[in-house]
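What follows is the residue order along each chain.
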Amino acid sequence: MLTMGVDIGSASSKVVILKDGAEILAGVAVPVGTGTTGPSRALQQALEIAKVERNEISKVVITGYGRMTFEGADEQISEITCHAKGVHHLVPSARTIIDIGGQDAKVIKLDEQGYVSNFVMNEKCAAGTGRFLEVMARVLEVHVSELQVLGDKADKVVPISSTCTVFAESEVISQLAAGQKSSDVVAGIHQSVARRVAGLVGRVGITPEVVMTGGVAQNAGVVKALEKELQVSITVAPRSQLTGALGAALIAFESSYRAGTGSTRRNKSR
Ligand code: ADP
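Conventions used here
- Residues numbered from 1 in each chain as written.
- Predicted model: local features only at pLDDT ≥ 70, side-chain atom pairs only at ≥ 80, totals over all residues.
- Heavy atoms only, no water.
- Buried < 20%, exposed > 50% of the residue type's maximum accessible area, 1.4 Å probe, protein only.
- Helix = DSSP H or I, 4+ residues; strand = E, 2+ residues; numbered from the N terminus.
- Pairing = 2+ DSSP bridges.
- Core = buried A, V, L, I, M, F, W, Y, C linked by side-chain atoms within 4.5 Å.
- Contact = heavy atoms within 4.5 Å.
- Near = heavy atom within 4 Å.
- Polar contact = N/O pair within 3.5 Å; in protein donor to acceptor, adjacent residues only side chain to side chain.
- Areas by Shrake-Rupley, 256 points an atom, 1.4 Å probe, with all protein chains shown as cover.
- 1 Å grid on protein atoms, 1.4 Å probe; cavity = no way out; pocket = protein on both sides within 12 Å on 5 of 7 lines; lining within 4 Å.
- Sits in = over half its atoms within 2 Å of the grid points.
- Nonpolar A, V, L, I, M, F, W, Y, C, P; charged D, E, K, R; others polar.
- Domains from an automatic or database assignment.
- Axes fitted to C-alpha atoms, helices over the stretch in contact; angles between N-to-C directions.

## What to know about the pairing of strand 4 (residues 59–63)
Across the five residues that make up strand 4, a large majority, five, are buried. Burial along strand 4 is two-sided: K59, V61 and T63 and V60 and I62, pointing in opposite directions, are all buried. Both strand 1 (residues 2–8) and strand 4 contribute to a ladder of five bridges, which runs parallel. Across the sheet, V6 pairs through a bridge with I62, a residue of strand 4. In this sheet, strand 5 (residues 75–76) lies alongside strand 4 in parallel orientation, the contact comprising two bridges. Bridging from a neighbouring strand, V61 pairs with E75 of strand 5.

Below, the structure is given as structure tokens:
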């Protein structure tokens, strides 16, 4: 049975095609999210990679910030539930998930069965999210994926004291103008994200094993800074950006399997 998980975020669109709830035939992330051509491009690319037709997919589950805008899914499921499902599948011993996406950060606590026992979310402020890193990368004239390499060359951390993204951007510009090395400023940027997210973690507490998901987990500089802030080691989920889409595809498989059919076509929110 083939199932599909679609995760439409603010910054990227992700699609996973799963065979029999176990084998990933395709996993695609297109770096533009809701309100763009990202979702349809990700869908098309995933079908091409998996070499399957849309009508061969038994069930599609949609998740993410932009899930309401996507037509043609059988079911909508919250990001929290999908991340929990995806992480529990990949790392069964995970008890705390830290997900940093394009415009929010979430901390999700899991019980031993992988069910969500608690969660907190920052969705009101760009600080401590991927957007903060994108703004700072633009000031430094690098792509957001290059921040990690720059940060690795740091000799010291130039602290960024402003929590507001707009003021922090001015602070970064001033530090660079004052002659601070860009790599040291990047170390300060990573520390700023880590401090902000650590504050969120503090609201629900931390239980190992800690797993990081989302696009920002691809930046080992942020992961290391967060490990330092939290004094705990962090496992980065394999293909971290696809975890929500993977969870959605797994949920699609499980509900189709339980229903004893591969062709349920419902529209339901959970
Ligand atoms: P959303 O689900 O909200 O769309 P994602 O989980 O896809 O967000 O994360 C998007 C963020 O991930 C971007 O804002 C950016 O900061 C970061 N990011 C994306 N690609 C990379 C990369 N190759 N290396 C490091 N960070 C990245």
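## Thoughts on the nonpolar core
Grouped together as the largest cluster of nonpolar side chains are 40 residues, with contacts concentrated most on I98, I100, I189, V197, M212 and L226. The element contributing the most residues to this core is helix 6 (residues 182–204), with ten residues. Apart from the residues lying within four places of it in its own chain, the contact partners of I189 are F132, L133, M136, L140, I160 and V172. In this structure, V15, I17, A26 and A73 belong to the second largest nonpolar core, which totals 20 residues.

## Quick notes on the site of the ligand
Taken together, the neighbourhood of the ligand is formed by 16 residues, with A11, S12, K14, E134 and Q241 sitting nearest. Between the ligand and G102, the relevant distance is 2.9 Å, taken from an oxygen atom to a main-chain nitrogen or oxygen of the residue. Here an oxygen atom of the ligand sits 3.2 Å away from a polar atom, N or O, in the main chain of G130. For the ligand, whose unbound accessible area comes to 580 Å², protein coverage reaches 85%. Among the detected pockets, the ligand sits in the largest pocket. Among the residues making up the shell around the ligand, the classes are represented as three nonpolar, eleven polar and two charged. Domain assignment of the residues forming the shell around the ligand places at least three in each of domain 1 (2–83 + 242–267) and domain 2 (94–236).

## Details of the sheet that holds strand 7 (residues 105–110)
Spatially, the five strands line up as an open sheet ordered 8-7-6-9-10, and their pairing is mixed. Of all the strands in the sheet, the pair left with one neighbour each is strand 8 (116–122) and strand 10 (234–236). Ignoring which end each strand starts from, the neighbouring axes of this sheet average 20° apart. One ladder, built from six bridges, connects strand 7 with strand 8; its direction is antiparallel. If you follow I108 over to strand 8, its bridge partner there is F119.

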